[in-house]
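Remarks on the overall topology
If you want the building blocks of each chain, they are given just below.
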Amino acid sequence: MTMLSRLSEWFWNERLWFPEGLGWADLEDRDGLTYAKASDLWVSLPIALAFLIIRQIFERTVAIQLAAALGVKEKVRPQAAHNPTLESYFRITSKNPKQGEIESLGKKTGYSESQIHRWFRRRRNEERPNKLKKFKEASWRFTFYLLAFIAGLAALIDKPWLYKMKEMWAGFPMLTLLPSQYWYYMIELGFYMSLLFSVASDVKRKDFKEQIVHHVATILLISFSWCVNYIRAGTLIMLVHDASDYLLESAKMFNYAGWRKACNYIFIVFAVIFIITRLVIFPFWILHCTWVYPVTVYPPFFGYYFFNGLLFVLQCLHIFWAVLILRMAIKFLPGNNIVEDERSDREETDTEDDEEEQEDRKNGPVQNGHSPLNNNHHRKTE
């Protein structure tokens, strides 16, 4: 307990989080004025739980109906035939066997190399999320991001720091808390916590690790800015991020529905807004006002470096995602008629199945007590 007390005392040391001469006493409620407190953050936990429940209901009702309205259809995936030997190898050893391992598995099962390749290809596809799951996830995020952007804009539209960013530090740290700021913060924090809780069941993409870093950095950034009353800066940062996210999710929805032109047009708008908000407004307006301007008012302190360090982490992720966006933009060149998410794990197809099956028929069944895979019921749809 003594060690925990010392750690808590060190963590909440005023010299870490405030400029010299200011501290927690300056954020005590008085004269009818309310200030942000660290204890308020506990509210985000039940909000995160509520989001997880609401998401399940939304995906099973609204998202399903929306998918049907937009014509989202699932193609039949050829299933890998039941084989205990291959299944055990798939789960325990590797999902992508090497050539020498394929030959060994062929001796154990009696399958030809082409049949083993096909079995593993189909088995891998079985673990990939189907189009409907992707659509439901995208529609949930689209709904939240759109509503969050509208709510954030309504909360900030009449605030002076939206138009003159230096105003975010006027009177710091004695910045009174408004009800709109309180709910904007708690709802955003609860949502990102729910994303972190559900990351294991969500669609895995190539930027999975970057998404984890983003969620953790965002949660830390929101929590820290709340505790030390950087709320005005925090609301601007959240608004900038919400400004483009709903467009990306809507482009995904139309992509999964097969609405190619709508997907492409929305993606163009998304790319433009993303570049403007994440690579122009965020670094040259917001970061400039949190990194350069404060040192003209207060000497640098640990909280100043910690806050801006998290912002620089987000900016690095912005650059990483901007590269992916530009790679997807190349698909607008002549001959490309649809934009796919570069982060997605694409399904493997059975384009060679017909040739393999013809070869198998010529060679006949394997003569070791095992029958070959039955691939006649499925064609190229994976």
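Residues numbered from 1 in each chain as written. Predicted model: local features only at pLDDT ≥ 70, side-chain atom pairs only at ≥ 80, totals over all residues. Heavy atoms only, no water.

As named in an unreviewed UniProt entry, the protein is Ceramide synthase 2a, taken from Cyprinus carpio carpio. Listed in UniProt under the heading Catalytic activity (unreviewed entry), the comment for the protein reads: "sphinganine + octadecanoyl-CoA = N-(octadecanoyl)-sphinganine + CoA + H(+)". (UniProt positions renumbered as here; feature names shortened; annotations may be inferred.)

1. Thoughts on the overall build of the protein
In terms of helices and strands, the protein carries 14 helices and zero strands. When the helices and strands of the protein are read in sequence order from the N terminus, they spell out α-α-α-α-α-α-α-α-α-α-α-α-α-α. Per-residue burial over the protein gives 48% buried out of 382 residues. Counted over contacts in the protein with a minimum sequence separation of 6, partners at least 24 positions apart contribute 80%. As presented, the protein carries roughly 19,900 Å² of accessible surface, and 63% of it is formed by carbon and sulfur atoms. (Helix = DSSP H or I, 4+ residues; strand = E, 2+ residues; numbered from the N terminus. Buried < 20%, exposed > 50% of the residue type's maximum accessible area, 1.4 Å probe, protein only. Contact = heavy atoms within 4.5 Å. Areas by Shrake-Rupley, 256 points an atom, 1.4 Å probe, with all protein chains shown as cover.)

2. Considering the UniProt feature "transmembrane region" (unreviewed entry) in the protein
Annotation from UniProt places "transmembrane region" (unreviewed entry) at residues 142-162, 182-200, 262-285 and 305-326. The span residues 142-162 is 71% helical and 0% strand by assignment, and the distance between its end C-alpha atoms comes to 24 Å. Across residues 305-326, the secondary structure splits into 100% helix and 0% strand, with the terminal C-alpha atoms separated by 31 Å.

3. Observations regarding the nonpolar core
Core analysis: the largest hydrophobic core is formed by 87 residues, its most contacted members being M168, F191, W226, Y230, F282 and F307. The leading source of residues in this core is helix α11 (residues 231-257), at 16 residues. Other than its neighbours up to four places away in sequence, F307 contacts L221, F224, S225, Y230, A233, I237 and T290. Listed in part, the ten residues of the second largest apolar core include Y89, F90, I102 and I116. (Core = buried A, V, L, I, M, F, W, Y, C linked by side-chain atoms within 4.5 Å.)

4. Some words on the side chain of R232
Note that R232 resides in helix α11. Within the buried set, R232 has no salt-bridge partner at all; the shortest N-O distance to an opposite charge, 5.3 Å, is to E167. (Lys, Arg positive; Asp, Glu negative; His and termini not counted. Salt bridge = Lys/Arg side-chain N within 4 Å of Asp/Glu carboxyl O.)

5. A closer look at the environment of L310
Of note, L310 is situated in helix α13 (residues 302-329). Considered as a pair, L310 and F224 are 86 residues apart in the sequence and their alpha carbons are 10.0 Å apart. If sequence neighbours within four positions are ignored, L310 has contacts with A217, L220 and L221.

6. Remarks on the packing of helix α9 (residues 179-197) against α11
Running from N to C, α9 and α11 point in directions that differ by 55°, and their axes come no closer than 11 Å. By the angle class used here, α9 and α11 are oblique. As for how α9 packs across α11, the hand of that crossing is left-handed. Of the residues in α11, those touching α9 at Q181, Y184, Y185, E188 and Y192 are I231, R232, G234, T235, M238, L239, D242 and D245. A per-class count over the contact of α9 with α11 returns six nonpolar, three polar and four charged. (Axes fitted to C-alpha atoms, helices over the stretch in contact; angles between N-to-C directions. Parallel < 35°, antiparallel > 145°, perpendicular 65-115°, else oblique. Left-handed = near helix turned anticlockwise from the far one by under 90°. Nonpolar A, V, L, I, M, F, W, Y, C, P; charged D, E, K, R; others polar.)

7. A look at a nonpolar patch on the surface
A cluster of nonpolar residues, Y265, I268, V272, I276, V280, F284 and W285, forms a patch on the protein surface that exposes about 720 Å² of accessible area. Examined against the element boundaries, I276 turns out to sit in helix α12 (residues 260-291). A residue is classified by how much of its surface remains accessible, and I276, at 42% relative accessible area, is partly exposed. (Patch = residues over 30% accessible without salt bridge, like charges linked within 9 Å, V, L, I, M, F, W, Y side chains within 5 Å.)

8. Structural notes on helix α10 (residues 208-227)
Within an α-helix, residues lying three or four positions from one another point in the same direction, as the helix has 3.6 residues per turn. Taking 1.5 Å of rise per residue, 20 residues should cover 28 Å, and α10 covers 29 Å from first to last C-alpha, within 8% of that figure. Backbone geometry just after α10 places N229 at a positive phi near 65°. (Expected span 1.5 Å × (residues − 1).)

9. Describing the packing of aromatic side chains
Two aromatic rings are characterised by how far apart their centres lie and by the angle between their planes. Counted by the stated rule, this structure contains 27 aromatic pairs. Ring plane angle 10° and centroid distance 3.6 Å describe the contact between F144 and F191, whose orientation is recorded as stacked. On the criterion of sequence distance, the pair formed by F144 in helix α8 (residues 131-156) and F191 in helix α9 is long-range, its members being 47 residues apart. An identical accessibility class is assigned to F144 and F191; each is buried. (Phe/Tyr/Trp six-rings, centres within 6.5 Å; stacked < 30°, edge-to-face > 60°.)

10. Let's talk about the packing of helix α3 (residues 44-60) against α8
As a packed pair, α3 and α8 sit with axes 10 Å apart at the nearest point and diverge in direction by 125°. The angle between α3 and α8 falls in the class oblique. With respect to the hand of their crossing, α3 and α8 are arranged in right-handed fashion. Contacts from F51, I54, R55, F58 and E59 of α3 reach α8 at K136, E137, S139, W140, T143 and F144. Residues belonging to the contact of α3 with α8 are distributed by class as follows: five nonpolar, two polar and four charged.

11. Section: the side chain of H215
Looking at where H215 falls in the secondary structure, it is placed in helix α10. Look past the residues within four positions of H215 in its chain and what remains in contact with it is Y192, L195 and L196.

12. Some words on the pattern of salt bridges
Tallying each qualifying case throughout the model produces six salt bridges. Residue R55 pairs with E137 through a salt bridge whose shortest N-O separation is 3.9 Å. Of this pair, R55 sits in helix α3 while E137 sits in helix α8; the two residues are 82 residues apart in sequence, bridging distant segments of the chain. With a shortest N-O distance of 2.8 Å, D158 and K159 are connected by a salt bridge. Its relative accessible area of 56% is what places D158 among the exposed residues. A residue is classified by how much of its surface remains accessible, and K159, at 12% relative accessible area, is buried.

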